[in-house]
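Residues per chain, in single letters:
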Amino acid sequence: MTWQKRMAALVAQRLGIELRPSRTEDSLDRFVRRRARALRLPDGDAYVSLLGGQTTQSREFTQFIAAVTIGYTFFFRNIRQLKVIAEVLSERADAGHGPGRIWCACCSTGEEAYSLAMLLAEQGVDTEILATDIDAVALGAARTGEYADWSLRSVPKALREEYFERVGDRHRVRRHIRERVSFRRQNVVYDPPPRSLACVPWDVIVCRNAFIYYTGDALRAATQHIMKGLAPDGLVFLGSSESMRAPMVPVGIKGQVAYRPGTRFIPRQKTPTPMPTPRRTSRFRRTPPVSVAPSPRYDHALDLLRSGDEKLARAVLEKVVQSNPDRVPAWVTLGNVSLRVHAFEQALHAYGEAQKRDPLLPEVHYFLGMTYRKLGDLQRAAHSLRSTLFLDPGFWPASFLLAGVHGRLGNWEKRRAQLLHTLEAAQTPGSEPLFRSRGHEPLHPIGSDAVAAACRQLLRERRVA
Ligand SMILES: C[S@@+](CC[C@H](N)C(=O)[O-])C[C@H]1O[C@@H](n2cnc3c(N)ncnc32)[C@H](O)[C@@H]1O
């Protein structure tokens, strides 16, 4: 098989995107050859093999995703549809529905989400907007909120003056609009739907101009995730050439087509298992894929955790893993709950069960490292944290913890090197690690900005200079 075919298969497996044959002959082809040269690899084949051994979170895969995805977008693209969305949410707010919630999936560099924020600000509607994309580079640009003239070509003059400020030859979205939108990395084919701040489903899901690139299986999986994240009376808006299949049904809303769950709506169905991503199969032999089918009982345990009832949550989690021992996220969550109450033996047991079933999940090694560190077993902690970074070099929480372990072992040079690595990883756009399990939030309370600041401070200290 040619490397172009292997690359197309890898892209379909990991991203759900169907590469048109013409794409592998153009800029993508050039990108692969350029990266192979930069990495001193003999050819495109070696580059595809290298990618195949990495997670989609790794730095190289992140660059590759940016090259593969087509992020074409601009402000107020299909403005009529965006205005209808703003009107629907405004009417619901007037009817006492409370603050609206929009999940803007496949948002690229953010123009669509900011356009919605501007239209909603015009209507005086208080709305939570979460915008997601698989492309971390695009998300980095979205967070900056600065755009060239070209992106603003359809912005009405009045809105341009109201919502943008000039920064050199670019236009920056004003702060009060930027603050209305948050961005997160999410693969709409493989990851569960993101949660809103209040952990309630989304009133409106916008997913425009991404489905056109999907394979059949990917489309089905993305549809499931979108349905699962949608409120029972919620609406989905797609790009003008896209459609959704049953059980979603089209409805006419103010001259626009939207989709809502039909009467035969079955919210919980099996989603595909992400592909394994070993970097070196000799070290981590792949076990059969883990079960990722939705589980109402696991969801119930998460609700209990959120409401603070840890004891009952733990009892429910124990039942979940008893009835389905292959449910890896439940094992990890059980480990997290145990670790939080310093039940170290139970935590080690639960993480061990998770690791047996999926030795390639970076977060399991991370939590094992955390447990060993708390137990004072610094050698084992360092080993587990190194394994995390071996699987995903961008997993900065593990890198930060490892720097601390080196410090406690008196390895100042290693500590300094690890702090530098952490700083670089934490500053990479879209670097928040994705956790497949839940219940980790209190164990992992600080974000990349705070960690980067801590690294800078520690690197200034004389001991590590
Ligand atoms: C053409 S842009 C659309 C941007 C915007 N929605 C619009 O209509 O103007 C498609 C975006 O979908 C994103 N995308 C493709 N596959 C994805 C996936 N599996 N999960 C999340 N985002 C994905 C790409 O990274 C790209 O930014």
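None of these values were measured; they are calculated from a predicted model.

Thresholds, definitions, all that
Residues numbered from 1 in each chain as written. Predicted model: local features only at pLDDT ≥ 70, side-chain atom pairs only at ≥ 80, totals over all residues. Heavy atoms only, no water. Helix = DSSP H or I, 4+ residues; strand = E, 2+ residues; numbered from the N terminus. Buried < 20%, exposed > 50% of the residue type's maximum accessible area, 1.4 Å probe, protein only. Lys, Arg positive; Asp, Glu negative; His and termini not counted. Salt bridge = Lys/Arg side-chain N within 4 Å of Asp/Glu carboxyl O. Contact = heavy atoms within 4.5 Å. Expected span 1.5 Å × (residues − 1). Phe/Tyr/Trp six-rings, centres within 6.5 Å; stacked < 30°, edge-to-face > 60°. Lys NZ or Arg CZ within 6 Å of the ring centre and 35° of its normal.

Turning to the side chain of Arg92, a few remarks are in order. Checked against the element boundaries, Arg92 lands in helix H5 (residues 79-94). No salt bridge is formed by the buried Arg92, whose closest oppositely charged neighbour, Asp233, lies at an N-O distance of 4.0 Å. Those residues in contact with Arg92, other than ones at most four positions away along the chain, are His97, Asp203, Asp233 and Leu235.

So, on to helix H16 (residues 378-391). In a regular helix each residue adds 1.5 Å, so 14 residues correspond to 20 Å; H16 covers 20 Å between its end C-alpha atoms and thus fits that length. Among the 14 residues in H16, ten count as buried, and that is most of the element. Those residues of H16 that fall on the buried side of the exposure criterion are Leu378, Ala381, Ala382, Ser384, Leu385, Ser387, Thr388, Leu389, Phe390 and Leu391. On its buried face, H16 is in contact with helix H15 (362-375), helix H17 (396-408) and helix H18 (412-427).

Right, let's get into the side chain of Thr132. Mapped onto the secondary structure, Thr132 falls in strand E2 (residues 127-133). Excluding its chain neighbours within four sequence positions, the residues that come into contact with Thr132 are Trp103, Cys104, Ala105, Cys106, Cys107, Leu139, Arg184, Gln186 and Pro194.

The full count for this structure, using the stated rule, is twelve aromatic pairs. Ring geometry for Phe61 against Phe64: centres 5.8 Å apart, planes inclined by 80 degrees, an arrangement best described as edge-to-face. Separated by three residues within a single helix, Phe61 and Phe64 lie in helix H4 (residues 59-68), roughly one turn from each other. Judged by relative accessible area, Phe64 falls into the buried class, the value being 0%. Judged by centre distance (6.4 Å) and plane angle (75 degrees), the rings of Tyr114 and Tyr147 are edge-to-face. Here Tyr114 is found in helix H6 (residues 111-123), whereas its partner Tyr147 is found in strand E3 (residues 146-147), with 33 residues between them in sequence. Classification of Tyr147 as buried rests on a relative accessible area of 3%. Three or more aromatic residues joined by ring pairs make a cluster, and in this case those are Phe75, Tyr114, Tyr147, Phe164 and Phe183. Over the ring of Phe74 we find Arg153, and its NZ or CZ is 4.1 Å from the ring centre. The residue whose ring lies beneath Arg153 is Trp150, and the NZ or CZ to ring-centre distance is 3.7 Å.

In short, the description is geometric, and any link to function would need to be established separately.
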